[in-house]
Amino acid sequence: MNGTATGGKERLVVEVVAAHNLMPKDGEGSSSPFVEVEFENQRQRTQVKRKDLNPIWNEKLVFHIVDVADLPYRMIEVNVFNERRSSNSRNFLGKVRVSGSSVAKEGEETPQMYTLDKRSLFSHIRGDITLKLYVSTREEAKDQVGIDNGGMVPGSGSGFLKNKKVQQQNPALVVQQNQLGQENKPMLQGQNHAKPVEPKPGEIKPVVITTGPGPTMPGGTPGGAGVGGGVSIFSNGSSEFSLKETSPHLGGGPLNKDKTSSTYDLVEQMQYLYVRVVKARNVSMFGGGEIVAEVKLGNYRGVTKRVNSSNMDWDQVFAFSKDCIQSSMAEIFVKESNKDDFLGRIFFDLNEVPKRVPPDSQLAPQWYRMEDKKGEKLKGEVMVSIWFGTQADEAFAEAWHSKAANVHFDGLGSIKSKVYLSPKLWYLRVSVIEAQDIIPCEKGSTMVRFPELFAKVQVGNQVLRTRISTPSSSRSFSNPFWNEDLLFVVAEPFEDYLSVSVEDRVGPGREEMVGRVFLPLMTMERRTDDKPVVSRWFNLDNHFGLSASDQSKLVSRFGSRIHLRASLDGGYHVLDEATMYSSDVRPTAKQLWKPHIGVLEMGILGATGLMSMKIKEGKGSTTDAYCVAKYGQKWVRTRTVIDSLSPKWNEQYTWEVFDPCTVITIGVFDNCRIDKNVFNNSGGRDSRIGKVRIRLSTLESDRVYTHSYPLLMLHTTGVKKMGELHLAVRFSCANMGNMLHTYMLPLLPKMHYVQPLGVNQLETLRYQALNVVVSRLSRAEPPLGREVVEYMLDHDSHMWSMRRSKANFFRLMNVISGAVALNRWVDSIRNWNKPVYSALFVVVFLLLVAFPELIIPAILVYMAFVGLWRYRSRPRQPPHMDTRLSHAESVYPDELDEEFDSFPTSRSADLVRMRYDRLRSVAGRIQTVVGDMATQGERFQALLSWRDPRATFLFVIFCLFAAVGFYAVPLRVVVALWGLYALRPPRFRNKVPPRALSFFRRLPTKADSLL
């Protein structure tokens, strides 16, 4: 559902009932309070109650709701003020922030008392306020918008609204905001009948914001903007792509705690009506046929599978979401599959249905006698159980959901939530040492030639070859020698065979097999360290392609064999994802695993503002979204929410954590298998909507993070926001000592350092591992498609991209910017731009020279102090996709087109030539920098190489005199004199470069010898 304020029927009604025991603020022992309510850029207020510390209003304030599905993720802000007639201003009496998830339906609302909160540390607040909040669809509620007793402030991007939020975060701006309120109040009183201004499509709704360095606020004075910083929404880029903090109603809320809150405390409770239809008996019908049971609730109907009349056993569960229940009666019909008339029915009043809360046992089904159309009891009975429950119910995962009523039968399996496990991956190391008695192929040859023998090893779709055996004086051509290690990726259970063949290259592009052997992977020896396994000889089968007589002759003459060493290496971690985003670093062998150090819990709440991914007949553009999360070997897939741009999943999952320096990846996709035409063609691919990465080491222990993450996708037209994903994350640590100890351990298992693998080899093996994972997960039901696995594992992270190259270059510049800033600071000290600082630096320098044992302790104490000082401004939010850091906002269209180009390229020759020339220009600059660095190094080498005899002679003489001088003069004196000379004021300096630098620049380099 994606409603708008102009077309939606729902309205939020905030009924301000009363307040109690307010703080007197008028200087006469009383207050004149009024209430101001703000929701989604709309603001309304009540009447003023003169001289009353316990006011009673009973006023209804009505607000437009842009999107009802988005309401649980929005906040309603209620502020109580005291009106001061004398100065035409107001005093703050308290505030309340209410989550939209606590808003009830009309008719179910009850008064709720809230304690007034402070706005800042120095606020003097007391008292309570009573409110009623509910959603109404009545016309009277619509007519009250804008004509209530209080005025409404349009929710535009004005300085008044923004400065109000700054005032809440920064007490230093209170005076400035009060002055601004005095100037705007006459204007606001004249807008009692103004309609609320709708937010623009690209405009972000109000969210929780924190103070930090940011732009100057509109309407504020320069002095006010400099106090405490501006406002930022956890990002340096556009607010549209920023991280937002949310306040969902987790675990049923503080007033609705039940047994499930300990297990499902990171999701919002969703109420469902469950109907289990087990079986029927004694149903009277003419002849045999197929029987079905139909569950009807309002306009929703669920039908069981067809069964034979002799065995009417269904045992199916139907789940109806409580927010879409349209009737007070649930009916169950038993009928023939091809007829409309029913054979019997039963019905239940929903007001009498019990509520079940796990871990209670399942409700026992009972036999109910059916009745006919006239209401008369029949002989037939049906076994049914019905109850109200939540998504924590065991029946939830396998139940038929009412919102999937339009999904065809074959697509029902693809919308259920599932948990997948990646296959256990091993590195298979095959050492091809040598072969003996190989008979080269001589078919049709008229001249003698030297055989070019090589070994080809194949496991599944993975094929590797050795080099061609080189001739040797100590070995004959029939006994080739290679001694090469070949690595493959295999998965348990081991179903493939290892095929080793010896082939002869008889011509360009022509190879002929001269022998082969098949070995089952189950027989391979497993190892967990670098100790080599015992090598073995295997007989080669060289009988293929020969007649019976030839085979008998060959057997009597030779027995070819090959020398191999094969092992399954369990001491490595098989990398199937990018190293920088790795979610697991444990070795393959389970006996090498260490106990887990913590638990990661994630509640996948929902998404808002998703882009339409497809067009359905009769429904327009829509999205069938589901979410996939991957951490370690465990993949989770939520159920698919049909036809919704703001889906709610509210599913919670748990992972064991073995290393905190790992990343969990969450992706959102559009399910294409719901469309029957696409399902039958088997050519559909689930569309990507976006993904989020969260590094566990950036999370505080035992804290619940509730945020909405922007789902960003890079298209050929630029970066695009596809929606927002709402998550609740908690990382719990069992033993802090064990966790801190993991920071001292190597990141990868020991074998990666004892017997390391090359970078190119790791990249090749990662691609093989990805293909193995794809093939295994595609065999599950419902399958995880190749496009999903590749997107989650970042299969294209190694591809060339001008945008990524720029981003990495500026990341490097940001790293070395500290050294550049330090160099500029030292230069300013040497130039005596600030004489006091320069003189103080000289004193500290001389002190450290006199007491050199203080240098290292002083540096360490300084670093510790800086770390403690920065603790106050530490990041409070997890990192997210940064468009500015990724250079996604300023990228050129041609660079994006190049990034999305296939490999090998599919673009025209002229375009490829232009990009090649651009790449040459970039490489030319890098070439110049590398050449300059080599030049400086060669000048150091030339000091003692006598390439320039006069320069080397001067340097040798200088070294001799300097050795005598350093022996005669204490080192402290030398360092002190050098420091004072370097820090001398500019009036005692010469602008000509130092003699030592001039001497160094005159030294020769090898650049003269380059062509």
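Going by the structure above, here's the rest.
Heads up: these notes are all about the structure in this document.

About the cut-offs
- Residues numbered from 1 in each chain as written.
- Predicted model: local features only at pLDDT ≥ 70, side-chain atom pairs only at ≥ 80, totals over all residues.
- Heavy atoms only, no water.
- Phe/Tyr/Trp six-rings, centres within 6.5 Å; stacked < 30°, edge-to-face > 60°.
- Helix = DSSP H or I, 4+ residues; strand = E, 2+ residues; numbered from the N terminus.
- Buried < 20%, exposed > 50% of the residue type's maximum accessible area, 1.4 Å probe, protein only.
- Lys NZ or Arg CZ within 6 Å of the ring centre and 35° of its normal.
- Expected span 1.5 Å × (residues − 1).
- Arc of directions from axis to C-beta.
- Contact = heavy atoms within 4.5 Å.
- Lys, Arg positive; Asp, Glu negative; His and termini not counted.
- Salt bridge = Lys/Arg side-chain N within 4 Å of Asp/Glu carboxyl O.
- Core = buried A, V, L, I, M, F, W, Y, C linked by side-chain atoms within 4.5 Å.
- Pairing = 2+ DSSP bridges.
- Axes fitted to C-alpha atoms, helices over the stretch in contact; angles between N-to-C directions.
- Patch = residues over 30% accessible without salt bridge, like charges linked within 9 Å, V, L, I, M, F, W, Y side chains within 5 Å.
- Areas by Shrake-Rupley, 256 points an atom, 1.4 Å probe, with all protein chains shown as cover.
- Polar contact = N/O pair within 3.5 Å; in protein donor to acceptor, adjacent residues only side chain to side chain.
- Parallel < 35°, antiparallel > 145°, perpendicular 65-115°, else oblique.
- Nonpolar A, V, L, I, M, F, W, Y, C, P; charged D, E, K, R; others polar.
- Left-handed = near helix turned anticlockwise from the far one by under 90°.

## Things to note about the packing of aromatic side chains
The geometry of two aromatic rings is summed up by the distance between their centres and the angle between their planes.
Turning to step 1, where the next piece is worked out: Per the counting criterion, the structure on display carries 16 aromatic pairs.
Turning to step 2, where the next piece is worked out: Summarising the aromatic geometry, the rings of Phe 81 and Phe 92 are spaced 6.0 Å apart at their centres and angled 70 degrees between planes, so their arrangement reads as edge-to-face. Taken together, the positions of Phe 81 in strand β5 (residues 75–84) and Phe 92 in strand β6 (residues 89–99) put the pair eleven residues apart, joining distant regions of the chain. Like Phe 81, the residue Phe 92 is buried in the burial classification.
Turning to step 3, where the next piece is worked out: An aromatic cluster is present here, built from Tyr 272, Tyr 274, Trp 387 and Phe 396 joined pairwise through their rings.
Turning to step 4, where the next piece is worked out: The side chain of Arg 526 reaches across the aromatic face of Trp 426, ending 5.0 Å from its centre.
Turning to step 5, where the next piece is worked out: One residue, Arg 561, lies across the ring of Trp 537, its end atom 4.2 Å from the ring centre.

## What to know about helix α17 (residues 971–982)
Turning to step 1, where the next piece is worked out: Look at α17: 16 Å from first C-alpha to last across twelve residues, which is about the 16 Å you get at 1.5 Å a residue.
Turning to step 2, where the next piece is worked out: All buried positions along α17 are accounted for by Ala 976, Gly 979 and Ala 982. Down the axis of α17, the sector holding all buried residues measures 130 degrees, keeping them to one side. Facing away from the buried side of α17 by over 90 degrees, the exposed positions are Leu 977, Trp 978 and Tyr 981.
Turning to step 3, where the next piece is worked out: Contacts made by the buried residues of α17 are with α11 (802–830) and α12 (835–850).

## Considerations on the side chain of Glu 938
Turning to step 1, where the next piece is worked out: Note on placement: Glu 938 falls in helix α15 (residues 909–941).
Turning to step 2, where the next piece is worked out: An unpaired buried charge is present at Glu 938: no salt bridge exists, and Lys 1006, the closest side chain of opposite charge, is 5.3 Å distant.
Turning to step 3, where the next piece is worked out: In contact with Glu 938, other than residues within four places in its own chain, are Pro 1004, Thr 1005, Lys 1006 and Ala 1007.

## Comments concerning the nonpolar core
Turning to step 1, where the next piece is worked out: Counting residues in hydrophobic clusters, the biggest one holds 63 residues, and the most contacted among them are Trp 635 and Ile 694.
Turning to step 2, where the next piece is worked out: If you tally residues by element for this core, the top one is helix α9 (residues 759–777), at seven residues.
Turning to step 3, where the next piece is worked out: In this structure Ile 694 touches Met 602, Thr 662, Val 663, Ile 664, Ile 666, Leu 699, Tyr 709, Leu 727 and Val 729, once residues within four positions along its chain are discounted.
Turning to step 4, where the next piece is worked out: Listed in part, the 31 residues of the second largest apolar core include Leu 22, Val 35, Trp 57 and Leu 93.

## With respect to the pairing of β5
Turning to step 1, where the next piece is worked out: The element β5 is largely enclosed, with a buried count of nine among its ten residues.
Turning to step 2, where the next piece is worked out: Here strand β2 (residues 33–39) pairs with β5 via six bridges, running antiparallel. By the bridge assignment, Val 37 is partnered in β5 with Val 78.
Turning to step 3, where the next piece is worked out: Across ten bridges, the pairing between β5 and β6 is antiparallel. Bridging across to β6, Val 78 finds its partner in Val 96.
Turning to step 4, where the next piece is worked out: Linking β5 back to β6 in an antiparallel pair, the connection comprises four residues, with Asn 88 at a positive phi of about 55 degrees.

## Overview of the sheet that holds strand β36 (residues 625–631)
Turning to step 1, where the next piece is worked out: Ordered in space as β23-β37-β36-β39-β40, the five strands form an open sheet in which the pairing is antiparallel. Edge positions in the sheet fall to β23 (418–421) and β40 (687–695), since each of these pairs with one other strand and no more. Direction aside, neighbouring strands of the sheet carry axes that sit 20 degrees apart on average.
Turning to step 2, where the next piece is worked out: In this structure, β36 lies alongside strand β39 (residues 663–670), joined through six bridges in antiparallel fashion. Residue pairing across strands places Tyr 626 opposite Phe 669, the latter belonging to β39.

## Topic: a nonpolar patch on the surface
Turning to step 1, where the next piece is worked out: Together, Phe 809, Phe 810, Leu 812, Met 813, Val 815, Ile 816 and Val 820 give the surface a local cluster of nonpolar side chains, amounting to about 630 Å² of exposed area.
Turning to step 2, where the next piece is worked out: As for its position among the elements, Met 813 is in helix α11.

## Concerning the side chain of Glu 651
Turning to step 1, where the next piece is worked out: Within the element layout of this structure, Glu 651 appears in strand β38 (residues 648–657).
Turning to step 2, where the next piece is worked out: What makes Glu 651 buried here is its relative accessible area of 6%.
Turning to step 3, where the next piece is worked out: A distance of 2.4 Å separates a polar atom in the side chain of Glu 651 from a polar atom in the side chain of Tyr 653.

## Points about the packing of α11 against α12
Turning to step 1, where the next piece is worked out: Where α11 meets α12, the axes come as close as 8 Å, and the angle between the chain directions of the two elements is 100 degrees. Comparing the axis directions of α11 and α12 gives the class roughly perpendicular. The residues of α12 that touch α11, namely those facing Trp 825, Ser 828 and Ile 829, are Tyr 837, Ser 838 and Phe 841.
Turning to step 2, where the next piece is worked out: In the contact of α11 with α12, the residues fall into four nonpolar, two polar and no charged.

## As for the sheet that holds strand β33 (residues 598–608)
Turning to step 1, where the next piece is worked out: Spatially, β12-β41-β42-β33-β38 is the arrangement adopted by the five strands of the open sheet, whose pairing is antiparallel. Every interior strand has two partners, whereas the edge strands, β12 (244–245) and β38, have only one.
Turning to step 2, where the next piece is worked out: Across ten bridges, β33 lies against strand β42 (residues 718–733) in antiparallel orientation. Bridge pairing in β42 places Gly 606 opposite His 726.

## Things to note about the pattern of salt bridges
Turning to step 1, where the next piece is worked out: Inspection of the entire model under this criterion finds 59 salt bridges.
Turning to step 2, where the next piece is worked out: Among the salt bridges present, the one from Glu 511 reaches Arg 465, with a minimum N-O distance of 3.9 Å. Of the two residues, Glu 511 is situated in strand β29 (residues 510–520) and Arg 465 in strand β26 (residues 462–465); the sequence distance between them amounts to 46 residues.
Turning to step 3, where the next piece is worked out: On the accessibility criterion, Glu 511 (30% relative accessible area) is partly exposed.
Turning to step 4, where the next piece is worked out: On the basis of relative accessible area, Arg 465 is assigned to the partly exposed category, the value being 42%.

## Observations concerning the packing of α12 against α17
Packed helices, taken two at a time, are described by the angle their axes make and the gap between the axes.
Turning to step 1, where the next piece is worked out: As a packed pair, α12 and α17 sit with axes 9 Å apart at the nearest point and diverge in direction by 165 degrees. Between α12 and α17, the interaxial angle falls into the category roughly antiparallel. Along this stretch, α12 crosses α17, giving a crossing that reads as right-handed. Contacts between α12 and α17 involve Val 842, Phe 845, Leu 846, Val 849 and Ala 850 from the first element and Arg 972, Val 975, Ala 976, Gly 979 and Leu 980 from the second.

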